[in-house]
Amino acid sequence: MTGPSWVPTIDDARVRDGAYVAVYPKGLGVLLARIDGDLFAVANKCAHMGCPLEGGKLDGPVLTCPCHDWRFDLRTGVFLDAPELALATYPVKVEDGKIHVEVGGA
Amino acid sequence: MPDEVTVYALSTCPWCRKTKQWFDDSKIPYEAVDVDTLPDEEQDAVADKAYELSGGRRFPVVVINGEVIVGFSPDKFLEHLKGWGG
Amino acid sequence: MGSEARKESLRYLFDRVVQPLGYKFTPDEELADFLLEQEVKLEQDLGAPFCPCQGRTGVRAEDMLICCPCIPFHREHFDAMKRCWCGLFVHLDVTDPDSLPQFPPDEV
Ligand code: FES
């Protein structure tokens, strides 16, 4: 067992404002999104039935799951129609031009 | 005049089954339609009728002498059946 | 996936969703099993496990509001009944699901 650790992913420049990119730090599905200039990382796995969120439409901070249209605020991971439910979120930082994501130990 | 009863139902809905069973057990004749098993060309029209009557999409929709009851609700069925003081 | 296996996976997936909302599967096992069976069929035929007790219109934005578990989209109504419309889910403290009435939202 190891604790959470920072894992380098893609170049910071690859995530445009108002868009997201799917990455796989340590094999974990994560979406990196840039909203109003700030970076966020959430699980690429819907809180409803686990569909990958990749391919869903991003409108401002709100991502709609392609499977059954559940909507999430990517800044917090929170499901818009019931705040008790949320996507997992991960800490992100940019170092040497690369986006690093802190993911849990295996 | 006998009571006029129509049950709009879905074949997948247990409360619709319970509703029909209740009318059977009470020996009250009724007409019933499972909206989802109708031929495609009829389905939309009958579903729309049920939605319009009930103001929603929930089943069963029970019409007793023109009064609409949504859900399996024997107390309300009784209220509207003439033979039972309704 | 076989329909038994899909039923089990829906149980697992839905449990994670409804618990934080204050709901659980109905203790009426027979009812739960029948409803899940219907949902597996609906998912196979139509692509989503729609509520077996609500009708679809064919308009995606409307139909997704009755994709199970649909509690988030009908919260006030279901909280008032202490159950969802089809009764697959009940409030956590419910032990006698048969005692819960089914009434439309305009009676809340
Ligand atoms: S899996 Fe995302 S909305 Fe159903």
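Residues numbered from 1 in each chain as written. Chains lettered and ligands numbered in written order. Predicted model: local features only at pLDDT ≥ 70, side-chain atom pairs only at ≥ 80, totals over all residues. Heavy atoms only, no water.

### A few points about the interface of chain C and chain A
Taken together, the 20 residues of chain C in the interface contact 13 residues of chain A. Carbon and sulfur atoms make up 60% of the surface buried where chain C meets chain A, a total of about 1300 Å² over both sides. When residues of chain C are sorted by the area they lose upon contact with chain A, Val17, Arg60 and Phe73 of chain C head the list and together hold 31% of the total. Connecting chain C to chain A are two salt bridges. Across the chain C-chain A interface, the total number found is five residue pairs in polar contact (both at pLDDT 80 or more). (Contact = heavy atoms within 4.5 Å. Buried area = accessible area lost by both parts, 1.4 Å probe. Salt bridge = Lys/Arg side-chain N within 4 Å of Asp/Glu carboxyl O. Polar contact = N/O pair within 3.5 Å; in protein donor to acceptor, adjacent residues only side chain to side chain.)

### Quick notes on the nonpolar core
Ranked by size, the top nonpolar core spans 80 residues in total, and within it Phe23, Phe59 and Phe77 of chain B together with Phe14, Leu88 and Phe89 of chain C carry the most contacts. A per-element tally of this core places helix α2 (residues 29-46) of chain C first, with six residues. Excluding residues within four positions of it along the chain, Phe89 of chain C makes contact with Phe14, Val18, Tyr23, Lys24, Phe25, Thr26, Cys68, Pro69, Ile71, Arg83 and Cys84 of chain C. Counting 14 residues, the second largest nonpolar core, distinct from the first, contains Val23, Val30, Ala41 and Val103 of chain A. (Core = buried A, V, L, I, M, F, W, Y, C linked by side-chain atoms within 4.5 Å. Buried < 20%, exposed > 50% of the residue type's maximum accessible area, 1.4 Å probe, protein only. Helix = DSSP H or I, 4+ residues; strand = E, 2+ residues; numbered from the N terminus.)

### Overview of empty space enclosed by the protein
Residue and element names in this part refer to chain C. Enumeration according to the criterion identifies two cavities of 30 Å³ or more in this entry. When its volume is computed, the largest cavity comes out at roughly 60 Å³. Together, 13 residues line the largest cavity, and Cys51, Cys68, Cys70, Cys84 and Cys86 are the ones closest to its centre. Classifying every residue of the lining of the largest cavity gives 11 nonpolar, one polar and one charged. Empty space within the second largest cavity amounts to approximately 50 Å³. (1 Å grid on protein atoms, 1.4 Å probe; cavity = no way out; pocket = protein on both sides within 12 Å on 5 of 7 lines; lining within 4 Å. Points joined across faces, edges and corners; volume = space filled by probe spheres on them. Nonpolar A, V, L, I, M, F, W, Y, C, P; charged D, E, K, R; others polar.)

### Some details on unusual backbone geometry
In the segment running from Phe59 of chain B into Pro60 of chain B, the intervening peptide bond is cis, with an omega of 0°. Following the sequence through the fold, Pro60 of chain B ends up in the loop between α2 (40-54) and β3 (61-64). Looking along the chain, the bond that leaves Cys68 of chain C and enters Pro69 of chain C is cis, with omega of -10°. Despite not being glycine, Lys26 of chain A has its phi angle at roughly 50°, a positive value.

### Looking at the pattern of salt bridges
A full pass over the atoms with the stated rule returns 17 salt bridges over all chains. For Lys93 of chain A, the salt bridge is made with Glu95 of chain A, and the minimal N-O distance between the two is 3.3 Å. In this structure, the salt-bridge partner of Arg57 of chain B is Asp63 of chain C, at a minimum N-O distance of 3.2 Å. Taken together, the residues Arg57 of chain B in the loop between α2 and β3 and Asp63 of chain C in helix α3 (residues 60-63) connect one chain to another. Grouping residues by exposure puts Arg57 of chain B and Asp63 of chain C together as buried. Beyond isolated ion pairs, a larger network of salt bridges with shared partners links Glu4, Lys7, Asp33 and Glu37 of chain C.

### Regarding the environment of Pro101 of chain C
All names here are of chain C. Mapping Pro101 onto the fold places it in the segment after β2 (89-91). Separated by 21 residues in the primary sequence, Pro101 and Ala80 place their C-alpha atoms 9.8 Å from one another. Not counting chain neighbours up to four residues away, the residues in contact with Pro101 comprise Met81 and Arg83.

### So, the environment of Lys24 of chain C
All names here are of chain C. Residue position: Lys24 is located in strand β1 (residues 23-25). On the basis of relative accessibility, which here comes to 22%, the residue Lys24 falls in the partly exposed class. Residues Lys24 and Leu42, 18 residues apart in the sequence, show an inter-C-alpha distance of 22 Å. Contacts of Lys24, omitting those with residues within four sequence positions, involve Val18, Leu88, Phe89, Val90, His91, Leu92 and Val94. Side-chain polar atoms of Lys24 contact the backbone oxygen of Leu92, separated by 3.0 Å.

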